[in-house]
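Structural description and commentary
So you can see what is in the structure, the chains are spelled out below.
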Amino acid sequence: MSTTRRRTLAGIAALALGAVVAGCGQPGSGGDNAGAFTYWSMWRADEPQAKVIKAAIDKFQAETGVKVTVEWQGRDVRQKIGPAIAAGKAPDLWDQGADVVATTALAGQAADLSSVYDSEVPGEGKKVSEIIDAKYVEGLPKDPAGVNKWLVPYELVSAGFFYNAADPDLATPPGTWEELIKLCDTLKAKGKACLASDGDAAWENFLTLDYLLVRDNGAGTLRKIFEDKTGAGWDNPGVLESVKRVEQLVKGGYLIEGYDAGKYPAQQTNWAKGKAALLMQGSWVPTEVKPLVGAGWKTGYFPMPTTKGGNTEVDAILFGFSVPKKAKNPDPAKRFISYFLEKERLEKIATEAGNITPRADIPAPAGLQDVQKALSEEPVRWIMDNVPGEYGDKVVFPVFLELWHGKITAEQFVAKAKAAHVQYWKVAG
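This one's a predicted model, so the numbers in the text were calculated from it and none came from an experiment. (Residues numbered from 1 in each chain as written. Predicted model: local features only at pLDDT ≥ 70, side-chain atom pairs only at ≥ 80, totals over all residues. Heavy atoms only, no water.)

**A few points about the state of the cysteines**
Each disulfide is one covalent bond, formed between the sulfur atoms of two cysteines. With the rule as written, the count across this model stands at one disulfide. A disulfide bridge connects Cys184 with Cys194, and the sulfur atoms are separated by 2.2 Å. Looking down the S-S bond of the Cys184 and Cys194 bridge, the torsion is -55°, so its handedness is left-handed. Here Cys184, found in helix 7 (residues 177–189), pairs with Cys194, found in strand 8 (residues 193–196); they are 10 residues apart in sequence, far enough to count as distant. The two residues Cys184 and Cys194 agree in class, both being buried. (Disulfide = S-S within 2.5 Å. Helix = DSSP H or I, 4+ residues; strand = E, 2+ residues; numbered from the N terminus. Buried < 20%, exposed > 50% of the residue type's maximum accessible area, 1.4 Å probe, protein only.)

If you want it as structure tokens, here you go:
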């Protein structure tokens, strides 16, 4: 999933559907213009996902006569959608990651897409709710009306440690935190970096702490911290324990030399060339580095090893479609969502865009089989618990980079994060 990440991470190709045809099992009953709708995409026109979506839109328009006006906004859509909604100029359909769409949903600005989940996927005789595992929707936060079906996913990504499974030093991936530290010590003794990291990549680097908060304290820890406006959640001893594990990685000298001064994707490139063993990243990384890896490379993956907490949840992010509550032409947009989820169309997200879909009957692309297996077998949790994206940008990421670069201690991180948290809620109200 080329350039799909938090800083560029906006979310998921939301395809707009056309005219409302009063067909059986289709959502909606018509809008101001049932024969057209607008769609703002998080993808640039030259990206693989955009090409897959455009092909589906072209076919949809040809089959239905519906006019779809697309703007390939790229990642900037996450900054543009809020002001557009406020000004009454939002598109009828847009796409992004669930964490970004959550910002509009929690503000009561996203439409209830239950009718889409209840609609039939064209030509399959199954409802959308039957082809998308319920666990991928149940964990979404509820909007002010108690609705959590404000996004319909078409792409699923995870995060964890990626490595070259052909490397003899990594023949047995670590299953516990202690085994991870032992591996890093072994590699360090051999003069090899254990962990690659691009020092300016706040979202990717924070994945390590985000996972550890779950391993030590259970799923939902960051959301509990977020929802307590007093900031008391940051005082939880278990939170400090997780932060200290991050500090252990930094002080242990396990990170690749020069990471703190590097700019993405310099160190990711070094990892792909074998200069570091592990890379904590999203599951789009095998596609990104495919042109860089050497002959014999075999992509391996494992989620964050367990700690004494024993929690095994696997990180996930849904990328999908959302319809603004005040969209002028919501029904054709909703109908297109059902159309796009048809297996033959959706599988191109795997075969052409190199990513996992939320349909279990569509195999993962090469290099992501381990990720798909983990997602299907283990409980899932949403990266950063689907807290609004701006919380990361304004509260945790700036302070975390200070910790990650070795500039502050674990205790100082907690204190500074709490102060930023209190200020965030003071402004947010």
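**A word on the environment of Ile53**
Examined against the element boundaries, Ile53 turns out to sit in helix 1 (residues 48–64). Given a relative accessible area of 0%, Ile53 falls into the buried group. Distance from Ile53 to Ser41, taken between C-alpha atoms, is 9.4 Å for residues 12 residues apart in sequence.

**Section: the pattern of salt bridges**
This model, assessed by the stated rule, comprises 23 salt bridges. With a shortest N-O distance of 3.4 Å, Arg245 and Glu241 are connected by a salt bridge. Of this pair, Arg245 and Glu241 are both found in helix 10 (residues 237–251), four residues apart, which corresponds to roughly one turn of the helix. With a relative accessible area of 25%, Glu241 lands in the partly exposed category. Across the pair Glu342 and Arg345 runs a salt bridge, and its minimum N-O distance is 3.7 Å. Each member of the pair Glu342 and Arg345 is classed as buried. Through salt bridges that share partners, Arg44, Asp46, Glu47 and Arg75 make up one connected network. (Salt bridge = Lys/Arg side-chain N within 4 Å of Asp/Glu carboxyl O.)

**A look at the nonpolar core**
Counting residues in hydrophobic clusters, the biggest one holds 137 residues, and the most contacted among them are Leu278, Phe336, Phe340 and Phe413. Considering every element that reaches this core, the biggest residue donor is helix 17 (residues 389–404), with nine residues. Filtering out sequence-adjacent residues up to four positions away, Leu278 remains in contact with Phe161, Phe162, Tyr163, Leu170, Leu180, Leu183, Cys194, Leu195, Ala196, Trp271 and Phe302. (Core = buried A, V, L, I, M, F, W, Y, C linked by side-chain atoms within 4.5 Å. Contact = heavy atoms within 4.5 Å.)

**Notes on the sheet that holds strand 10 (residues 299–302)**
Spatially, the four strands line up as an open sheet ordered 8-9-7-10, and their pairing is mixed. Edge positions in the sheet fall to strand 8 and strand 10, since each has one partner strand and no second. Strand after strand, the sheet turns through a mean of 30° between neighbouring axes, direction not considered. Bridging between strand 8 and strand 9 (residues 276–282) involves three bridges; their strand directions are parallel. Considered in strand 9, the bridge of Ala196 is made with Leu279. Across the sheet, helix 7 is in contact with strand 7 (159–164), strand 8 and strand 9; its angle to strand 9 comes to roughly 135°. (Pairing = 2+ DSSP bridges. Axes fitted to C-alpha atoms, helices over the stretch in contact; angles between N-to-C directions.)

**Regarding the confidence of the model for the protein chain**
Across the protein chain, the average pLDDT comes to 91, with 92% of residues at or above 70. Low pLDDT, under 50, characterises residues 1–25; the stretch is placed with 148 contacts to residues that sit more than four places away or in other chains. Segment residues 28–32: pLDDT under 50, and 10 contacts once partners within four positions in sequence are set aside and those in other chains are kept. (pLDDT = per-residue confidence, 0-100.)

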